[in-house]
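Chain by chain, the residues run as shown.
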Amino acid sequence: MTDRLTSRTVVYYSATTALAALFALPLLFLLWQSFYGPDGFGLANYRKVIHYGEGLETYLGNTFQLAALTVVFTVVISATGGYAFARLPFKGRQILFVATLAILMVPYASLILPLYILLGWLGLQNTLIGVALVMTTLQLPFSLFMMRNAFSALPREIEEAAMVDGCGWSGTFFRVLLPGVLPGLVTVALYAFLAGWNEFIGPLIFISDGSRTTLPVALVAQRSGTLGHIDFASLQAGVIIAAAPCALLFLFLQRYYVKGFSSGALKG
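None of the values given here were measured: they were computed from a predicted structure.

Criteria and thresholds
- Residues numbered from 1 in each chain as written.
- Predicted model: local features only at pLDDT ≥ 70, side-chain atom pairs only at ≥ 80, totals over all residues.
- Heavy atoms only, no water.
- Axes fitted to C-alpha atoms, helices over the stretch in contact; angles between N-to-C directions.
- Helix = DSSP H or I, 4+ residues; strand = E, 2+ residues; numbered from the N terminus.
- Parallel < 35°, antiparallel > 145°, perpendicular 65-115°, else oblique.
- Contact = heavy atoms within 4.5 Å.
- Nonpolar A, V, L, I, M, F, W, Y, C, P; charged D, E, K, R; others polar.
- 1 Å grid on protein atoms, 1.4 Å probe; cavity = no way out; pocket = protein on both sides within 12 Å on 5 of 7 lines; lining within 4 Å.
- Points joined across faces, edges and corners; volume = space filled by probe spheres on them.
- Phe/Tyr/Trp six-rings, centres within 6.5 Å; stacked < 30°, edge-to-face > 60°.
- Buried < 20%, exposed > 50% of the residue type's maximum accessible area, 1.4 Å probe, protein only.
- Lys NZ or Arg CZ within 6 Å of the ring centre and 35° of its normal.
- Polar contact = N/O pair within 3.5 Å; in protein donor to acceptor, adjacent residues only side chain to side chain.
- Patch = residues over 30% accessible without salt bridge, like charges linked within 9 Å, V, L, I, M, F, W, Y side chains within 5 Å.
- Areas by Shrake-Rupley, 256 points an atom, 1.4 Å probe, with all protein chains shown as cover.
- Salt bridge = Lys/Arg side-chain N within 4 Å of Asp/Glu carboxyl O.

Chemist: Looking at this structure, I do not really get the packing of helix α3 (residues 56-87) against helix α8 (residues 169-180). What am I missing?
Modeler: Running from N to C, α3 and α8 cross one another at 105 degrees; their axes reach a closest spacing of 13 Å. When the interaxial angle is binned, α3 and α8 end up roughly perpendicular. Contacts from Ala79, Thr80 and Tyr83 of α3 reach α8 at Trp169, Phe173, Leu177 and Leu178. Of the residues that constitute the contact of α3 with α8, the class distribution is six nonpolar, one polar and no charged.

Chemist: Hey, could you run me through empty space enclosed by the protein in this one?
Modeler: Using a probe with the size of a water molecule, rolled over the atoms, empty space left in the structure can be pinpointed. Under the defined criterion, the tally for this structure stands at one cavity of 30 Å³ or more. By volume, the largest cavity is sized at about 40 Å³. Looking at the largest cavity, the residues that line it are Val49, Tyr52, Leu56, Tyr59, Leu215, Ala218 and Leu219. Looking at which element gives the most residues to the lining of the largest cavity, the answer is helix α11 (residues 215-223), with three residues. Tallied by class, the residues present in the lining of the largest cavity amount to seven nonpolar, no polar and no charged.

Chemist: Please clarify how the packing of aromatic side chains should be interpreted in this entry.
Modeler: What characterises a pair of aromatic rings is the spacing of the ring centres plus the angle enclosed by the ring planes. Scanning the model with the defined rule gives 14 aromatic pairs in all. Measuring from ring centre to ring centre gives 6.0 Å for Phe85 and Phe90, while their planes differ by 45 degrees; the resulting arrangement is tilted. On the basis of relative accessibility, which here comes to 8%, the residue Phe85 falls in the buried class. Aromatic side chains Phe85 and Phe97 sit 5.2 Å apart centroid to centroid with 65 degrees between the ring planes, which places their arrangement in the edge-to-face category. Of this pair, Phe85 sits in helix α3 while Phe97 is found in helix α4 (residues 93-101), placing the two residues twelve residues apart along the sequence. Joined through ring pairs, the aromatic side chains of Trp32, Phe35, Phe41 and Tyr46 make up one cluster. Seen from the ring of Phe97, Arg148 lies directly overhead, with NZ or CZ sitting 4.1 Å from the centre.

Chemist: Whenever I open this one, the side chain of Ser234 confuses me. Can you help?
Modeler: Structurally, Ser234 can be placed in helix α12 (residues 232-252). Residue Ser234 is classed as buried on the basis of its relative accessible area, which comes to 0%. At 3.1 Å, the side chain of Ser234 forms a polar contact with the side chain of Gln222. With near-sequence residues (within four places) excluded, Ser234 lies in contact with Asn45, Lys48, Val49 and Gln222.

Chemist: Explain a nonpolar patch on the surface to me, please; I cannot follow it from the model alone.
Modeler: Taken together, the side chains of Leu113, Tyr116, Ile117, Leu118, Trp121, Leu122, Ile201, Leu204 and Ile205 make up a nonpolar region of the molecular surface, amounting to roughly 900 Å² of accessible area. Within the residue set of the nonpolar patch, elements represented by two or more residues are α5 (108-122) and α10 (201-206). The biggest single contributor to the nonpolar patch is α5, with six residues. On the accessibility criterion, Ile117 (39% relative accessible area) is partly exposed.

Interpretation note: all reported values are geometric properties and have no functional meaning in isolation.
Below, the structure written as structure tokens:
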């Protein structure tokens, strides 16, 4: 029996290692090519990205600001809205929840013009806050679904016991319920960060000031050379720079992310 389990373990780890290597190979090739340019192996491609246009620090700062605003807006709305959908029996709750999920059925491209006009009315065109609000709207269906089910998975007795012990609604929500749905919150925040960090269409359409451009838009603009030539080497260096924060964040929050999907946050 032990030998059979050992052989199964060897096969399992061998298969998963081979699969991981298969997925990692293109990334390693991309990393290698990012150091290889017309003048040979070196950091020339990264220097091009760093000094392009307004400078890499400007584009990284704008991208981080957009991603951070998207995370804050999404987490606040989805946490409070998820609690309301899970716990508060208000009239029209199911209809409103289904209407929110219906956002997934509307193509993003068809919303560009109405959103552009709406941001103009609100005075939020050419601002990262406006783009962050657009990204938050697109994240709400998944985020609210995730948080509603996360709150529904918590026993009501925990909330009732906190109320009996003297906690008000705010104390119960922030000190008891939110720690219980932390894996779901981290998952929502991670998805919102990745969406804001990698967004291309929103900043391209809604941002007209070069000093407010995000990194994905800058990389697309920087790849074009003379006579239609595409500088793939510097583009690959930019991709590595853009992907590094996402990879590090995912590795750092991996245990919360996995627990958010495996501990019942999507049940219900």
